[in-house]
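Reading the structure
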Amino acid sequence: MVMFVDVAHMRGWMAEHGVETLIADLIPHLEEDFRRWPEFDKVARIASHSPVGVIELMPVADSHEYGFKYVNGHPFNPRSGRQTVTAFGVLADVQTGYPVLLAEMSLLTALRTAATSAMAARALARPGSRVHALLGAGSQSEFQAVAMRAAVGADRVRVWDTDPDAIDKFLRHAATLGIEATRASSAVDAVAGADIVTTCTADKANATIVTDAMVEPGMHLNAIGGDCPGKTELDAAILHRASTFVEYEPQTRIEGEIQQVPADHPVTELWRVLTDAAPGRTSPDQITVFDSVGFAVEDRAALRFLRDSVAGTAHCTDIDLVAEPRDPKDLFSLVSPALAASRV
Ligand code: NAD
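Predicted model only: the values in this text are computed from it and were never measured. (Residues numbered from 1 in each chain as written. Predicted model: local features only at pLDDT ≥ 70, side-chain atom pairs only at ≥ 80, totals over all residues. Heavy atoms only, no water.)

Further remarks concern the overall build of the protein. The secondary structure content of the protein amounts to 11 helices and 17 strands. For 344 residues, the compact-globule formula gives about 20 Å, and the C-alpha radius of gyration of the protein, at 21 Å, lands near that figure. The principal-axis extents of the C-alpha atoms in the protein amount to approximately 75 × 45 × 40 Å. Going through the 344 residues of the protein one by one, you find that 51% of them count as buried. Sequence separation of at least 24 residues holds for 71% of the intrachain contacts in the protein that already meet a minimum separation of 6. Surface exposure of the protein reaches about 15,000 Å², of which carbon and sulfur atoms provide 55%. (Helix = DSSP H or I, 4+ residues; strand = E, 2+ residues; numbered from the N terminus. Rg over C-alpha atoms; globule rule 2.2 N^0.38 Å. Buried < 20%, exposed > 50% of the residue type's maximum accessible area, 1.4 Å probe, protein only. Contact = heavy atoms within 4.5 Å. Areas by Shrake-Rupley, 256 points an atom, 1.4 Å probe, with all protein chains shown as cover.)

Glancing now at the pattern of salt bridges. Summed over the entire model, instances satisfying the criterion amount to 23 salt bridges. In this structure, D299 and R112 form a salt bridge, with 2.7 Å as the shortest nitrogen-oxygen distance. Note that D299 is positioned in helix α10 (residues 296-310) and R112 in helix α3 (residues 106-124), a separation of 187 residues in sequence. Between R253 and E249 there is a salt bridge; the shortest N-O distance is 2.9 Å. Here E249 and R253 lie together in helix α8 (residues 249-255), a separation of four residues that amounts to about one turn. Overlapping salt bridges bring together D33, R36, E39, D62, E65, R300, R304, R307 and D308 as one network. (Salt bridge = Lys/Arg side-chain N within 4 Å of Asp/Glu carboxyl O.)

What follows is about the site of the ligand. Taken together, 25 residues are adjacent to the ligand, and T84, D161, T201, D227 and K231 come closest. Within the side chain of R112, a nitrogen or oxygen atom sits 3.0 Å from an oxygen atom of the ligand. Contact between the ligand and K231: an oxygen atom at 2.6 Å from a side-chain N or O atom of the residue. Class assignment for the residues of the shell around the ligand results in nine nonpolar, 11 polar and five charged. (Near = heavy atom within 4 Å. Polar contact = N/O pair within 3.5 Å; in protein donor to acceptor, adjacent residues only side chain to side chain. Nonpolar A, V, L, I, M, F, W, Y, C, P; charged D, E, K, R; others polar.)

Bringing the packing of helix α2 (residues 19-35) against α3 into the picture now. Contact geometry of α2 with α3 gives a least axis separation of 8 Å together with a crossing angle of 65 degrees. In terms of axis orientation, α2 runs roughly perpendicular to α3. As for how α2 packs across α3, the hand of that crossing is right-handed. Facing V19, L22, I23, L26, I27, L30, E31 and F34 of α2, the residues of α3 in contact are L111, R112, A114, A115, T116, A118, M119 and R122. When its residues are assigned to classes, the contact of α2 with α3 shows 12 nonpolar, one polar and three charged. (Axes fitted to C-alpha atoms, helices over the stretch in contact; angles between N-to-C directions. Parallel < 35°, antiparallel > 145°, perpendicular 65-115°, else oblique. Left-handed = near helix turned anticlockwise from the far one by under 90°.)

Strand order in the open sheet formed by seven strands is β2-β3-β4-β5-β6-β1-β17, and the pairing between neighbours is mixed. This sheet does not close on itself; its edge strands, each paired only once, are β2 (46-50) and β17 (317-319). Neighbour to neighbour, the strand axes of the sheet diverge by 20 degrees on average, direction disregarded. Both β2 and strand β3 (residues 53-61) contribute to a ladder of five bridges, which runs antiparallel. Considered in β3, the bridge of I46 is made with L57. Against the sheet, helix α1 (residues 7-17) makes contact with β1 (2-5), β6 (99-104) and β17, and its axis sits at roughly 70 degrees relative to β1, the strand it touches most. (Pairing = 2+ DSSP bridges.)

Set out below in structure tokens:
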């Protein structure tokens, strides 16, 4: 039997613990895995592109556990009532190759993306950051807002989206979360004077959600929406005066904001900052960019965190996913007509 966390169980788990608590608890697990980065067998995710979106497989393993996530990115989906991003994932035992956990990951991805943003902001944003500009008020937005409050105390949010209904939705949730949120009149209005700027828009374009002129000294940019070839959010000029931090450089070169700059443009992998192998922020005026695309190590950490938290609780069930004949060499016994007849 394989542990199974479906949408209902995931919702129950998140409701019981609270999203903010889970994000705060997940961050140390992410940090731990980032600090042992060289131990992972890593590969840039495998993407299948179409004119309207992308479907990706994200595998990673250490010597104990293998994880993968199936995830899509379809920015036009909301027009037909579907989400931009959905996902599910698997954790498996490296010794036997058997899967041990199958889980929904649309919700879990939002949680892990927010926790990863928060981990990066904790390492890179100016101490005392309070004002968080949020550009894009879709599915990821509340998770991002809560994460920045939990990790760095950024408790004032200025939100902007081209869809006024999305802003209304965000403000409703912010009120229930006790977040001091205000509706900006434009991206420029949201960003002016902010300490942290999160871009989480969805478009299949090299968009310029943040122009170079909008970026002030000392800002930390948490750019999560530019995560596919031809899909970026920042003015490339920003990258030329900022210090840029990435997850796994080979993947980010293909998918991140840095696809807009030459291949030798300097970047720092975040794990090196977390292990003190490279500097993070070095001055209050430095502009830092976390060029987030989402990496498999984060999903695997989130799956392990989920497994350890839900094991033995009502927030999971079992699924009969692996065919297991009594004799491991006799798979046919499970479908043999003779045996089926003898069982009648
Ligand atoms: P979503 O479709 O639910 O929300 C996106 C929002 O952006 C929408 O409300 C839309 O109206 C708004 N928007 C589009 N263009 C805009 C513009 N020019 N200015 C302001 N707002 C604009 O998508 P989501 O699930 O919230 O994801 C947001 C982005 O984050 C997507 O691009 C997704 O691919 C990406 N993402 C990245 C990671 C990561 O790990 N880096 C993880 C999950 C999602």
